Amino acid sequence: MNESNTVDPSTTWLRLVALLTAAADSPQTRGAVEADLHSLALGAQIVASRALALLPVGADGDLEDVVLDVAVSSTLVDLIWAASRAARTHPVEAFAPGAAAVIAELGVLVAEAEALS
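Just so you know, these numbers come straight off a predicted model, no measurement behind them.

Reading guide: rules and limits
- Residue numbering note: each chain is counted from 1, following its sequence as written.
- Residue-level local features of this predicted model are given only where pLDDT is at least 70; pairs of side-chain atoms are given and counted only at 80 or more, and the full residue set underlies all totals for whole chains, interfaces and linings.
- Calculated side-chain values reflect all of the structure's heavy atoms, with hydrogen atoms and water omitted.
- Secondary structure is summarised from DSSP: a helix means a run of H or I of at least four residues, a strand means a run of E of at least two, and numbering begins at the N terminus for each.
- Helix span, expected: 1.5 Å multiplied by one less than the number of residues in the helix.
- The rule is simple: take the accessible area with a 1.4 Å probe, protein chains only, and divide by the maximum for that residue type; under 20% is buried, over 50% is exposed, in between is partly exposed.
- Note: the arc covers the axis-to-C-beta directions of the helix.
- Here an angle of 0 to 180 degrees is reported between the N-to-C directions of two axes, which are lines fitted to C-alpha atoms, with helices fitted over the stretch in contact.
- Any angle that is under 35 degrees is reported as roughly parallel, and any over 145 degrees as roughly antiparallel; angles of 65 to 115 degrees are reported as roughly perpendicular and all others as oblique.
- Working rule for handedness: look at the near helix, and if it is turned counterclockwise from the far one by less than a right angle, call the crossing left-handed; if clockwise, right-handed.
- Note on contacts: a residue pair is in contact if any heavy atoms of the two residues lie within 4.5 Å.
- Ten residue types, Ala, Val, Leu, Ile, Met, Phe, Trp, Tyr, Cys and Pro, are classed as nonpolar, four, Asp, Glu, Lys and Arg, as charged, and the remainder, Gly among them, as polar.
- Stacked, tilted and edge-to-face are the three classes assigned to paired rings of Phe, Tyr and Trp, where Trp is represented by its six-membered ring and a pair needs centres within 6.5 Å; plane angles under 30 degrees give stacked, over 60 edge-to-face, the rest tilted.

**Q** Tell me about helix α3 (residues 35-52), and please be specific about residues and values.
**A** Between its first and last C-alpha atoms α3 spans 25 Å; for 18 residues at 1.5 Å apiece the expected length is 26 Å, and the two agree. Among the residues of α3, L37, L40, A41, G43, A44, V47, A48 and A51 are the ones counted as buried. Seen from one end, α3 has its buried residues packed into an arc of 160 degrees, which puts them on one side. For α3, the exposed residues set more than 90 degrees away from the buried face come down to A35 and L42.

**Q** Tell me about the packing of α3 against helix α5 (residues 99-116), and please be specific about residues and values.
**A** Helix-helix packing is described using two parameters, namely the angle between the two axes and the distance between the axes. With their axes 10 Å apart at the nearest point, α3 and α5 run at an angle of 165 degrees to one another. Relative to α5, the element α3 is oriented roughly antiparallel. Of the two elements, α3 crosses α5, and the hand of that crossing is left-handed. Within the contact between the two elements, α3 uses D36, L40, G43, A44, V47, R50 and A51 and α5 uses V102, E105, L106, L109, E112, A113 and L116. Looking at the contact of α3 with α5 residue by residue, the class counts come to nine nonpolar, one polar and four charged.

**Q** Could you give an account of the side chain of R15, naming the residues involved and the relevant values?
**A** Within the fold, R15 resides in helix α2 (residues 9-24). For R15, a relative accessible area of 14% puts it in the buried group. When near neighbours in sequence (up to four residues on either side) are disregarded, R15 contacts V66, V67, L68, D69, V70, A82 and A86.

**Q** An account of the environment of D69 is requested, with residue identities and associated values reported.
**A** Counting through the fold element by element, D69 comes out in the loop between α3 and α4 (76-87). Here D69 falls in the exposed class, since its relative accessible area comes to 58%.

**Q** With reference to specific residues and values, describe the packing of aromatic side chains.
**A** Across all of its chains, the model carries one aromatic pair by this definition. Plain terms: the ring middles of W13 and F95 are 4.8 Å apart, the flat faces sit at 45 degrees to each other, and that makes the pair tilted. Of this pair, W13 sits in helix α2 while F95 sits in the loop between α4 and α5, placing them 82 residues apart in sequence. The exposure class assigned to W13 is buried, which follows from its relative accessible area of 4%.

Take a look at the structure:
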């Protein structure tokens with residue numbers, strides 16, 4: 001059974017936002033002098049903000065309840081890839097209107113992350 005059979009699209013979208021927020025807040029970007037990491041973290045925060053804007057009013061409070069099933073040692077790039085995988089668990093039409101644009105931006109972010117790894 002895949003995730004789309006067990007998790008509704010709204011919960012998946014919340015998870016995507018939480019993963020990107022975690023990527024933006026990654027310890028490896030704090031105090032780092034590598035500009036590429038800062039740029040990637042900023043990109044993650046921008047995409048997370050745009051994804052968050054598609055949630056119904058009041059749903060952002062649910063972010064605190066999202067369980068991120070990723071390793072504690074996950075890197076910024078790992079978290080971005082996890083967000084991308086989450087976005088692919090449902091057809092884009094299952095998400096709120098405007099999700100296709102956010103998923104496209106996430107694709108660009110993944111490409112940037114792959115270029116760094």
